[in-house]
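Listed here are the chains, written in short residue letters.
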Amino acid sequence: ATGDRRRRARIVVRALERFAPAVRTIHPLRAEAPEEDTWLLAHTFVSMTFSLLARVESYSDWLRDSAQDALRRAYDLYRLELQALDWQRPGGFWVLKSPAHLPTLAALLERLPEARIVMMHRDPLAVVPSTCSLFATVRGVFSDEVEPQQMGPALADRLAGYQHQAEEASRRFPERVLDVRFEELVERPLETLRGVYRHAGRAFRPELERSAEAWLARHRRPPEHRYDLDQFGLDRDRVLAAFGR
């Protein structure tokens, strides 16, 4: 069964790279490498993931405004999925990553009381066009009608709202959320990683540090993802206005 799952995963990766070659530089995928837990949450049908796949504005409005009870049920199912995975591979602890948790962070923190969050903060002038590029690429797999110029302003407003929701959640649970600047991670990766381990209550053992150093040595030149604001009907003032402070 494990072999079948790996084979199917390789097929999915090859298909995505065939229909959207830009994914290789935007979000590199490998069947047996770490990947976002985005798709676990998508199984609940309560996730911002669906706006990545298609333009579903009314669904996104519902998720933003009316989904609190559904979110709690969704994170109960998400927890069950993690327990099933842990049953298959016991003995460690789970490190999970997905921007799809941004607007739903309060529900996550309520339903998974042992979870510790690392909140990465990056300049919206970089985040917004990068996200637009990813959305345009993935939506292009499923639709012939992708409108980048209309996508930009709508996504800027959505992302600003999601950031506001996440900050509200972090104020409710300050001891469980660690704020990290993107520049700190890039400039001082090992120091940042030590802080993350302290936040999680885990020992940053010497062998982990050696492993991290070896990984950094192999990945000093990541794929170059090119994007700009003009591609998506945006300019600097429009993005900064969306994000306010």
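As the structure is a computational prediction, the values presented were derived from the model and not from experiment.

### A closer look at the side chain of T137
Within the secondary structure layout, T137 lies in helix α8 (residues 124-142). Since its relative accessible area comes to 18%, T137 is described here as buried. Residue contacts for T137: discarding those within four places in its chain leaves A20, A22, V23 and I26.

### What about the packing of helix α5 (residues 57-65) against helix α9 (residues 148-172)?
Running from N to C, α5 and α9 point in directions that differ by 15°, and their axes come no closer than 12 Å. On the basis of their axis angle, the class for α5 and α9 is roughly parallel. When you trace α5 past α9, the crossing you get is left-handed. From α5, E57, S60, D61 and R64 reach across to α9, where they touch R158, Y162 and Q165. Tallied by class, the residues present in the contact of α5 with α9 amount to one nonpolar, two polar and four charged.

### Here we look at unusual backbone geometry
In this structure, F45 is a non-glycine residue whose phi angle is positive, near 65°. Checked against the element boundaries, F45 lands in the loop between α3 (38-42) and α4 (49-53). When its relative accessible area of 61% is taken as the criterion, F45 is described as exposed.

### Re the pattern of salt bridges
Tallying each qualifying case throughout the model produces 22 salt bridges. Notably, a salt bridge pairs R238 with D157, separated by 3.0 Å at the nearest N-O pair. Of this pair, R238 sits in helix α13 (residues 236-243) while D157 is found in helix α9, placing the two residues 81 residues apart along the sequence.

### Looking at the side chain of R139
Note that R139 resides in helix α8. Buried R139, no salt bridge; nearest opposite-charge side chain is E57, N-O distance 4.9 Å. A polar atom in the side chain of R139 sits 2.7 Å from the backbone oxygen of S51. Sequence-distant contacts of R139, defined by excluding residues within four places in its chain, comprise S51, L52, L53, A54, R55, V146 and M151.

### Observations concerning the layout of surface pockets
The volume enclosed by the second largest pocket comes to roughly 320 Å³. Tallying contributions element by element places α9 first for the lining of the second largest pocket, with six residues. Tallied by class, residues from the lining of the second largest pocket come to 10 nonpolar, four polar and six charged.

### A short note on α13
N-capping of α13 is provided by D235, with a side-chain oxygen placed 3.2 Å from the backbone N of D237. The first or second residue beyond α13 is G244, which carries a positive phi of 60°.

### Focus: the confidence of the model for the chain
Looking at the chain as a whole, its pLDDT mean stands at 90, while 98% of the residues score no less than 70. Across the chain, the element-wise mean pLDDT spans from 81 in helix α2 (residues 23-26) up to 97 in strand β2 (residues 177-181).

Reading the values: the criteria
Residues numbered from 1 in each chain as written. Predicted model: local features only at pLDDT ≥ 70, side-chain atom pairs only at ≥ 80, totals over all residues. Heavy atoms only, no water. Helix = DSSP H or I, 4+ residues; strand = E, 2+ residues; numbered from the N terminus. Buried < 20%, exposed > 50% of the residue type's maximum accessible area, 1.4 Å probe, protein only. Contact = heavy atoms within 4.5 Å. Axes fitted to C-alpha atoms, helices over the stretch in contact; angles between N-to-C directions. Parallel < 35°, antiparallel > 145°, perpendicular 65-115°, else oblique. Left-handed = near helix turned anticlockwise from the far one by under 90°. Nonpolar A, V, L, I, M, F, W, Y, C, P; charged D, E, K, R; others polar. Salt bridge = Lys/Arg side-chain N within 4 Å of Asp/Glu carboxyl O. Lys, Arg positive; Asp, Glu negative; His and termini not counted. Polar contact = N/O pair within 3.5 Å; in protein donor to acceptor, adjacent residues only side chain to side chain. 1 Å grid on protein atoms, 1.4 Å probe; cavity = no way out; pocket = protein on both sides within 12 Å on 5 of 7 lines; lining within 4 Å. Points joined across faces, edges and corners; volume = space filled by probe spheres on them. pLDDT = per-residue confidence, 0-100.

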